Amino acid sequence: MPFRDDAFFMKRALQLAVQGAGSVSPNPMVGAVIVDNGEIIGEGWHQQFGGPHAEVNAIASVADEHKLRDATLYVTLEPCTHFGKTPPCSDLIIQKGISHVVIGCRDPYVEVAGKGIVQLRAAGITVTEGVLEKECMQCNEAFIKSHTTGLPFVTIKLAQTLDGKIATSLGASHWITGEEARREVHRLRSINDAVLIGEATVRADDARLTVRHCEGRNPLRVVLDSRLSLPPETTIFNDDAPTLVFASSSWARLPKVELLQKKGLTVLFVHEHEGELDLRQVLQELHKRQVLSVMVEGGSRLSASFIRSKLADKISMFIAPKLFGGDGLSAFAPLDISMPDQAVNLRFESPQFFGRDVLLEAYIEY
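Here's what I pulled together on the structure shown here.

What counts, and at which threshold
Residues numbered from 1 in each chain as written. Predicted model: local features only at pLDDT ≥ 70, side-chain atom pairs only at ≥ 80, totals over all residues. Heavy atoms only, no water. Helix = DSSP H or I, 4+ residues; strand = E, 2+ residues; numbered from the N terminus. Rg over C-alpha atoms; globule rule 2.2 N^0.38 Å. Buried < 20%, exposed > 50% of the residue type's maximum accessible area, 1.4 Å probe, protein only. Contact = heavy atoms within 4.5 Å. Areas by Shrake-Rupley, 256 points an atom, 1.4 Å probe, with all protein chains shown as cover. Lys, Arg positive; Asp, Glu negative; His and termini not counted. Charge placed at Lys NZ, Arg CZ, Asp CG, Glu CD. Core = buried A, V, L, I, M, F, W, Y, C linked by side-chain atoms within 4.5 Å. Pairing = 2+ DSSP bridges. Salt bridge = Lys/Arg side-chain N within 4 Å of Asp/Glu carboxyl O. Axes fitted to C-alpha atoms, helices over the stretch in contact; angles between N-to-C directions. Polar contact = N/O pair within 3.5 Å; in protein donor to acceptor, adjacent residues only side chain to side chain. Phe/Tyr/Trp six-rings, centres within 6.5 Å; stacked < 30°, edge-to-face > 60°. Arc of directions from axis to C-beta. Right-handed = clockwise from strand over helix to strand, strands pointing away.

## With respect to the overall build of the protein
No. 1: For the protein, the count of helices and strands is 11 helices and 19 strands.
No. 2: Computed over C-alpha atoms, the radius of gyration of the protein comes to 23 Å, within 12% of the 21 Å expected from 2.2 N^0.38 for 366 residues, which places it in the range of a compact globule.
No. 3: Each of the three principal axes of the protein carries a C-alpha extent, and together these read 70 × 45 × 40 Å.
No. 4: Residues counted as buried form 51% of the 366 residues belonging to the protein.
No. 5: Sequence-distant contacts, at least 24 apart, represent 70% of the contacts inside the protein between residues at least 6 apart.
No. 6: Carbon and sulfur atoms make up 51% of the accessible area of the protein, which totals about 17300 Å².
No. 7: Once the 38 positive and 45 negative side-chain charges of the protein are each reduced to a mean point, those two points are 4 Å apart.

## Concerning the nonpolar core
Soluble globular proteins tend to bury their nonpolar side chains together.
No. 1: M10, I34 and V101 are the most contacted members of the largest nonpolar core, which totals 44 residues.
No. 2: When residues of this core are assigned to their parent elements, the largest contribution, 6 residues, is made by helix α1 (residues 6–17).
No. 3: Counting 34 residues, the second-largest nonpolar core is a separate cluster that includes F246, L286, A312 and V358.

## Quick notes on the pairing of strand β15 (residues 314–320)
No. 1: The element β15 is extensively covered by neighbouring structure, given that 7 of its 7 residues are classed as buried.
No. 2: Neither face of β15 is exposed, since K314, S316, F318 and A320 on one face and I315, M317 and I319 on the opposite face are all buried.
No. 3: The sheet contact formed by strand β6 (residues 153–161) and β15 spans 7 bridges and is parallel. Following the sheet pairing, A159 is matched in β15 by F318.

## Observations concerning the pattern of salt bridges
No. 1: This model, assessed by the stated rule, comprises 20 salt bridges.
No. 2: Where K262 meets E258, a salt bridge forms, and the shortest distance between an N and an O atom there is 3.6 Å. A residue pair is termed a helical-turn pair when its members lie 3 or 4 positions apart in one helix, as K262 and E258 do in helix α9 (residues 255–262) at 4 residues.
No. 3: We classify E258 as partly exposed; its relative accessible area is 48%.
No. 4: Salt-bridge contacts for R289 lead to E285; the nearest nitrogen and oxygen are separated by 3.1 Å.
No. 5: Judged by its relative accessible area of 16%, E285 is buried.
No. 6: One salt-bridge network, held together by shared partners, links R106, R121 and E129.

## Some words on the sheet that holds strand β5 (residues 126–129)
No. 1: Read from one edge of the open sheet, 5 strands run β2-β1-β3-β4-β5, paired in mixed fashion. For this open sheet the edge positions go to β2 (39–45) and β5, each flanked by a neighbour on one side alone. Pairwise comparison of adjacent strand axes, ignoring direction, gives a mean angle of 20° for this sheet.
No. 2: As paired strands, strand β3 (residues 72–77) and strand β4 (residues 100–105) are joined by 5 bridges and run parallel to one another. What sits directly across from L77, in β4, is C105.
No. 3: Here helix α4 (residues 115–122) sits on the sheet and contacts β4 and β5; the angle it forms with β5, its principal contact strand, is near 150°.

## Topic: the side chain of S303
No. 1: For S303, the position within the fold is in helix α11 (residues 300–308).
No. 2: Among the polar contacts made by the side chain of S303, one reaches the main-chain carbonyl oxygen of G299 at a distance of 3.0 Å.
No. 3: Excluding residues that lie within four positions of it along the chain, S303 makes contacts with I156, L158, G298 and F332.

## Description of the packing of aromatic side chains
Given two aromatic rings, their pairing is described by the distance between the two centres and the angle made by the two planes.
No. 1: Taken as a whole and assessed by the stated rule, the structure comprises 3 aromatic pairs.
No. 2: Seen from their ring centres, F9 and Y74 are 5.2 Å apart, and the 35° between their planes marks the pair as tilted. In this pair, F9 sits in helix α1 while Y74 sits in strand β3, placing the two residues 65 residues apart along the sequence. For the pair formed by F9 and Y74, the shared burial category is buried.
No. 3: By the ring-pair criterion, three or more aromatic residues cluster together here, those being F8, F9 and Y74.

## What about helix α3 (residues 89–96)?
No. 1: Looking at α3, one finds that the buried residues are C89, S90, L92, I93 and K96. The arc that holds the buried residues of α3, viewed along the axis, is 160°, so those residues lie on one side.
No. 2: Within two residues after α3, G97 carries a phi angle of roughly 75°, on the positive side.

## Some points on the pairing of strand β11 (residues 266–270)
No. 1: Taken together, the 5 bridges between strand β10 (residues 243–248) and β11 define a ladder with parallel strand orientation. Residue pairing across strands places F246 opposite L268, the latter belonging to β11.
No. 2: In terms of handedness, the path from β10 via α9 over to β11 forms a crossover that is right-handed.

Take a look at the structure:
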């Protein structure tokens, strides 16, 4: 019998979990593997919001149900204990007599939050916690942040040249990166619940913010337009994807509000702070609408505002092997994004290459 430790099977469960990206939100991505005598006899993942959970799919895939009583279930997230769209997974695990459950990380959702582990142990099942916990938490970083802070997970996406420019001195930015990198951007859009942009970038790029270069869902488009200055015929206001517009509460009585609403758009009003929309209030409104993850595709000003407000969690920066030089627009200049007497520190992930371009992903450490 080949020796394989818990980490080996949890890695496989994680590989399964991420296949639910873009399909299961606002539920978490979860993968499950069932092992008997060192061999995988069943596996599954949460495939669609409202559909069976990973544990249910994994159990259903086992050809010989009698083997379950001697089997170990590996699952990336604590099994649920409540009735939601589906029955509790913990009840099914107990019913099938699975003797050992290995869990990657606990579920922060208040209806679960350790209750699944307590229930399994009370039924006499051996439970092992924290196997590849960091990786399992990262897999569901948006779900976890949503349920622990009441705010979505925010990623700032940028494309820049090697000398740090996101546009030429004349404002041109199409195209900094190549086809492979643009395809990856569209994939990232498809796995985020919302993509957020400011009105200045909408004007400059005639942005659509839809998924076109790969398969996947269109995210919710979020436009920050404090004075509702964008005309109703702007491309991003088409019906290709749902669109939400945020404006300053001082402009709530504009006739244009009704025009935008007739086009099927939702217009929400938030406070302004020092001439800018209150980004925390924007995120709180998105959280109310079960938006777990937001990708910011704005320019330097909006990106800097999110970082300065300590509301951004991650940066995804595509760097092209080009030089604009001169007075090109820098990714975060001319705004000062640093905190008082403190630099903004980043924790990098491993770089990835897409054609000739490189993607650097980094978590922001405030």
